[in-house]
Amino acid sequence: HDPPLHIVCFDAPAVAPDRPAAPLHTILDAVIAGGTAWLSQVALDGRPALRACITSYRTSDDTITSLRRQLVAARSDARTRA
């Protein structure tokens, strides 16, 4: 059996050239503090990235949409504080 890839790595790029990207550790901490998702931080080619590992058979499209909303909110909050 060849399982599908269930790990996704990504970063939070800047919205505009004059606005720097939000610090990933701030986004990570906010999502974890929400208590509904857990992510980790890794380095890919020397650059920081966030990693989501989706392994539960109960994961649905709504679950992923919720995670995306949490990431967008955390990114926005982190930029506001910067």
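That block above? That's the structure.
Residues numbered from 1 in each chain as written. Predicted model: local features only at pLDDT ≥ 70, side-chain atom pairs only at ≥ 80, totals over all residues. Heavy atoms only, no water.

**Student:** I'd like to hear about the overall build of the chain, residue by residue, with values.
**Tutor:** From N to C terminus, the chain includes 2 helices and 3 strands. Element order for the chain, N to C, with α for helix and β for strand: β-α-β-β-α. In the chain, which comprises 82 residues, the proportion classed as buried is 22%. Intrachain contacts of the chain at a sequence separation of at least 6 include 60% that bridge at least 24 residues. Total accessible area on the chain stands at roughly 6,100 Å², and carbon and sulfur atoms take up 55% of it. (Helix = DSSP H or I, 4+ residues; strand = E, 2+ residues; numbered from the N terminus. Buried < 20%, exposed > 50% of the residue type's maximum accessible area, 1.4 Å probe, protein only. Contact = heavy atoms within 4.5 Å. Areas by Shrake-Rupley, 256 points an atom, 1.4 Å probe, with all protein chains shown as cover.)

**Student:** Outline the pattern of salt bridges, supporting the account with residue identities and numerical values.
**Tutor:** Here the structure, examined in full by the defined rule, presents 1 salt bridge. Measuring nitrogen to oxygen at the nearest pair gives 3.7 Å for the salt bridge that ties R47 to D11. In this pair, R47 is assigned in strand 3 (residues 47-53) and D11 in the loop between strand 1 (7-10) and helix 1 (24-34), connecting sequence segments 36 residues apart. For D11, a relative accessible area of 38% translates into the label partly exposed. (Salt bridge = Lys/Arg side-chain N within 4 Å of Asp/Glu carboxyl O.)

**Student:** Kindly report on the environment of D11, identifying the contributing residues and their values.
**Tutor:** As a C-alpha pair, D11 and L24 span 13 residues in sequence and 7.3 Å in three-dimensional space. When neighbours within four sequence positions are excluded, D11 is seen to be in contact with L24, R47 and P48.

**Student:** Help me get a handle on the environment of L24, residues and values and all.
**Tutor:** Tracing the backbone through its elements, the reader meets L24 in helix 1. Residue L24 is classed as buried on the basis of its relative accessible area, which comes to 9%. Spatially, the C-alpha atom of L24 lies 7.7 Å from that of Q41, the residues being 17 residues apart in sequence. When residues no more than four places from it in sequence are discounted, the contact partners of L24 are D11, A12, Q41, P48, A49 and L50.

**Student:** Help me get a handle on the sheet that holds strand 1, residues and values and all.
**Tutor:** Across the sheet, 3 strands lie side by side as 1-3-2; this open sheet has antiparallel pairing. Lying at the two open borders of the sheet, with one neighbouring strand each, are strand 1 and strand 2 (40-44). Averaged over neighbouring strand pairs, the angle between their axes works out to 40° when direction is ignored. Summarising the sheet, strand 2 and strand 3 pair through 5 bridges and their orientation is antiparallel. Each residue of the ladder has a partner; that of A43, found in strand 3, is P48. Lying on the sheet, helix 1 is in contact with strand 2 and strand 3; it crosses strand 3 at an angle near 20°. (Pairing = 2+ DSSP bridges. Axes fitted to C-alpha atoms, helices over the stretch in contact; angles between N-to-C directions.)

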